[in-house]
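Descriptive analysis of the structure
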Amino acid sequence: MKKYILLLPIFMLFISCQKEQISISTSISDLFYLENQGAKMPVLVEGNTVSKVILIFVHGGPGGTAIGFNNDENISKIVESKYAVAYHDQRAAGISQGSATSKLTLEQYADDLKKLILVLRKKYGADNKIFILSHSWGGLIAPAFLTEGNNQDLVSGWINLAGAHNYQLNDELTRAYLLSYGKEQIAKNIHVAEWKPIVEFSETHTPDYDFTISSQYNSFGSSVEAYIDDINTSGSGGILNLFIKKKKGFSTFWMLSNSGATYFSGLTKDILKSNYSDKLSLIKIPVLNMTGKYDFTVPKGLAEEVMQKIGSKKKRLIILQHSGHILMDHEPAIVWGEVVKFVDENK
Amino acid sequence: MKYLCFLLPFLLIIPAFSQNDSSFIAKNSLLLNISPLFSPKHFGTQLGIAKLLSQKEIHKRNKKTFEKERWLSFDLGFYSQKELHNSLFLTSSYALKRINSHGFYRQFRPFLGIAQTFLNEESYSVNDKNEVLLNKISGNFYLTCGFGLDFGRHFSPKKSKFLRDIHAGLLMQTYYPNFKFIALRPAFQIGVSANLLTFSKNFKKKIIFKK
């Protein structure tokens, strides 16, 4: 009996030992982990690696998941058939695992992104063209990464979907949009009972790097989308995907635990003062900005500022007419079609 | 005096709950537990030894109504969750078991222990020279705690000398620290307990007679 108990750890080590597997195919599905500064983060590479183009999905949140939430049938059909997509679940997100020493700071997230690019280049070839595809909070990590040292040399382009590059400006714009659109809706007698408390709050609360106020605006930003009929909601199912569909490299309980870890880490308070507006001029690579007309969470004014201040010569802004914050879900055909077009032009 | 007056109503109530207790030396047991663990995404097994700490039989109107038992156990377990990790854990639990007169029982089993996980997918890291390295072994050490909620069928030693019970339930395991927070690992558990050893040293079985 004793002998078998002693053999158990050896068995565990044996089945946990790693061998490198490299897949170059038109339809791959590789799952591996990136280990950096106390965090072990899953990366799911799916699609066409023969193309020598990899788009890194830098998800929203913080504490969201690219593997669980962003890897849906629309991106698979439109983007992965042509290029490869690396769904990267950040530290304290998805099924990433970490020790007590692992830091949750914006700089650390940007460093993780750099390390991921180096791993992808090593694993799939240094001749691969890497594109950053960021959404929401990912749009804060992206400029943090791109404006650091020579990091831009590692990538061929940045696709910025409803990115929040300046937190304070984000809150100010959310407030302004809620006020103007809310008053308009009340005047038209549409969802008056719902809009009234939102407008009252916005009239009395000015964003001032205050976490409670910022969280409230964030919460209003997502809840008001339910009162706008013009938003196309016939997408892939959104957040329900997390609970209904069985996905590779994803565990709902582990993701919820990580969301808790992010919430209690204080990261969401620390990033209130994050502002890359003045550093946007340093970014010279091609940029595609896409945002929803009805996005109150990260309003279109942020994408407009990126267009104004970015140093890139090749830049484009697309405002989707029937989208809120999760534009990939509201108008997937347009979003992924434009992404493919942008990569085609800049690879 | 004032306090005694205050206590008097309570002292008068006590006889209403009067019970006759009797204790005698009974045979103790050391059990071997084997419990497969599973969920839609993982499987594993837990193997442990459990010792009976106390046993109370509650009788009403000269009839045994239920039995309460307290068990201390030490378990070694492992599970493998594809794409997440393999885990090896050592825990100690204190079980509170209530068995009805038909032999069916429910059990609440809080536990505490340690766990070592091993990633079961490729893992890469980058060193200070920006060189990419494939990690041979990668994992985390955690403190683990949680509880089990079991329902089962108890077999008396008279009926079955070897098999003591079969049970099924939920095992809620948490890991700490996962990014300075906890990570939840729920699983279903089915298991059997077998009689490993029977002895009578330093053990009192208590029988409580309620009116």
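My aim in this report is to walk through the structure given alongside it, one point at a time. (Residues numbered from 1 in each chain as written. Chains lettered and ligands numbered in written order. Predicted model: local features only at pLDDT ≥ 70, side-chain atom pairs only at ≥ 80, totals over all residues.)

**Examining the overall build of chain B**
Secondary structure assignment for chain B yields one helix and 12 strands. Listing each helix as α and each strand as β along chain B from the N terminus yields α-β-β-β-β-β-β-β-β-β-β-β-β. Every one of the 211 residues in chain B was classed for burial, and the buried ones make up 33%. Expressed as a percentage of contacts within chain B between residues at least 6 apart in sequence, the contacts between residues at least 24 apart total 59%. (Helix = DSSP H or I, 4+ residues; strand = E, 2+ residues; numbered from the N terminus. Buried ≥ 20, exposed ≤ 12 C-beta atoms within 10 Å, placed from the backbone. Contact = placed C-beta atoms within 7 Å.)

**Regarding the interface of chain A and chain B**
Tallying the contact residues gives 42 residues for chain A and 35 residues for chain B. Those elements that provide at least two residues to the side of chain A that touches chain B are helix H1 (2–16), strand E1 (28–36), strand E5 (97–98), helix H4 (106–124) and helix H10 (252–265) of chain A. Of all the elements, H10(A) adds the most residues to the side of chain A that touches chain B, at eight residues. Per-class residue counts for the side of chain A that touches chain B are 21 nonpolar, 14 polar and seven charged. Of the pairings in the sheet, the one linking E1(A) to strand E7 (residues 122–126) of chain B comprises four bridges and is parallel in character. By the bridge assignment for E7(B), Phe32(A) is matched with Glu122(B). (Nonpolar A, V, L, I, M, F, W, Y, C, P; charged D, E, K, R; others polar. Pairing = 2+ DSSP bridges.)

**A short note on the pairing of strand E9 (residues 141–154) of chain B**
Residues and elements named next belong to chain B. Burial of E9 is one-sided: the residues Tyr142, Thr144, Gly146, Gly148, Asp150, Gly152 and His154 facing one way are buried, the residues Phe141, Leu143, Cys145, Phe147, Leu149, Phe151 and Arg153 facing the other way are not. Relative to E9, strand E6 (residues 104–118) is paired through 13 bridges, and the arrangement is antiparallel. Bridging across to E9, Phe111 finds its partner in Gly146.

**What about unusual backbone geometry?**
Cis geometry marks the peptide bond from Gly61(A) to Pro62(A), where omega comes out at 0°. Looking at the element boundaries, Pro62(A) is found in the loop between strand E3 (53–58) and helix H2 (66–70). Here Tyr176(B) and Pro177(B) are connected by a cis peptide whose omega angle stands at -5°. Structurally, Pro177(B) can be placed in strand E10 (residues 163–178). Even without glycine at this site, Ala92(A) takes up a positive phi of about 55°. Looking at where Ala92(A) falls in the secondary structure, it is placed in the loop between strand E4 (84–88) and E5.

**Thoughts on the environment of Ile326(A)**
Looking at where Ile326(A) falls in the secondary structure, it is placed in the loop between strand E9 (315–320) and helix H13 (327–330). Placed 57 residues apart in sequence, Ile326(A) and Lys269(A) show a C-alpha to C-alpha distance of 23 Å.

**Quick notes on the packing of H4(A) against helix H5 (residues 138–146) of chain A**
Packed helix pairs are specified by the crossing angle of their axes together with the interaxial distance, meaning the distance between the axes. Residue and element names in this part refer to chain A. Contact pair H4 / H5: the axes reach a minimum separation of 9 Å and the direction vectors enclose 75°. Classified by the interaxial angle, the pair formed by H4 and H5 is roughly perpendicular. Contacts between H4 and H5 involve Leu106, Glu107, Tyr109, Ala110, Leu113 and Lys114 on the former and, on the latter, Leu140, Ile141, Ala144 and Phe145. For the contact of H4 with H5, the per-class residue count stands at eight nonpolar, no polar and two charged. (Axes fitted to C-alpha atoms, helices over the stretch in contact; angles between N-to-C directions. Parallel < 35°, antiparallel > 145°, perpendicular 65-115°, else oblique.)

**Examining the pairing of strand E2 (residues 39–47) of chain A**
Residues and elements named next belong to chain A. With nine of nine residues buried, E2 is to be regarded as a mostly interior element. Where E1 lies against E2, nine bridges are found, and the strand directions are antiparallel. Bridged to Asn36 within E2 is Ala39. Hairpin remark: E1 followed by E2, antiparallel, with two residues in the connecting loop; positive phi at Gln37, about 45°. Of the pairings in the sheet, the one linking E2 to E5 comprises two bridges and is antiparallel in character. In the strand pairing of E5, Ala39 is matched with Gly98.

**A word on helix H7 (residues 192–204) of chain A**
Residue and element names in this part refer to chain A. With 13 residues, H7 should cover 18 Å at 1.5 Å per step; its first-to-last C-alpha distance of 18 Å lies within 8% of that length. By the burial criterion, the buried members of H7 are Trp195, Ile198 and Ser202. Buried positions in H7, seen along its axis, are confined to an arc of 65° and lie on one side of it. Residues Ala193, Pro197, Glu200 and Thr204 are exposed on H7 and point more than 90 degrees away from its buried face. Tucked inside the fold, the buried residues of H7 contact helix H6 (167–187) and helix H8 (211–223). (Expected span 1.5 Å × (residues − 1). Arc of directions from axis to C-beta.)

**With respect to the packing of H6(A) against H7(A)**
Residue and element names in this part refer to chain A. One way to put it is that H6 packs onto H7 with a least axis distance of 9 Å and a crossing angle of 140°. Here H6 runs over H7; the crossing is left-handed. On H7, the residues that touch Arg175, Leu178, Leu179, Gly182, Lys183, Gln185 and Ile186 of H6 are Val192, Trp195, Lys196, Ile198, Val199, Ser202 and Glu203. A class-by-class count of the residues in the contact of H6 with H7 yields seven nonpolar, three polar and four charged. (Left-handed = near helix turned anticlockwise from the far one by under 90°.)

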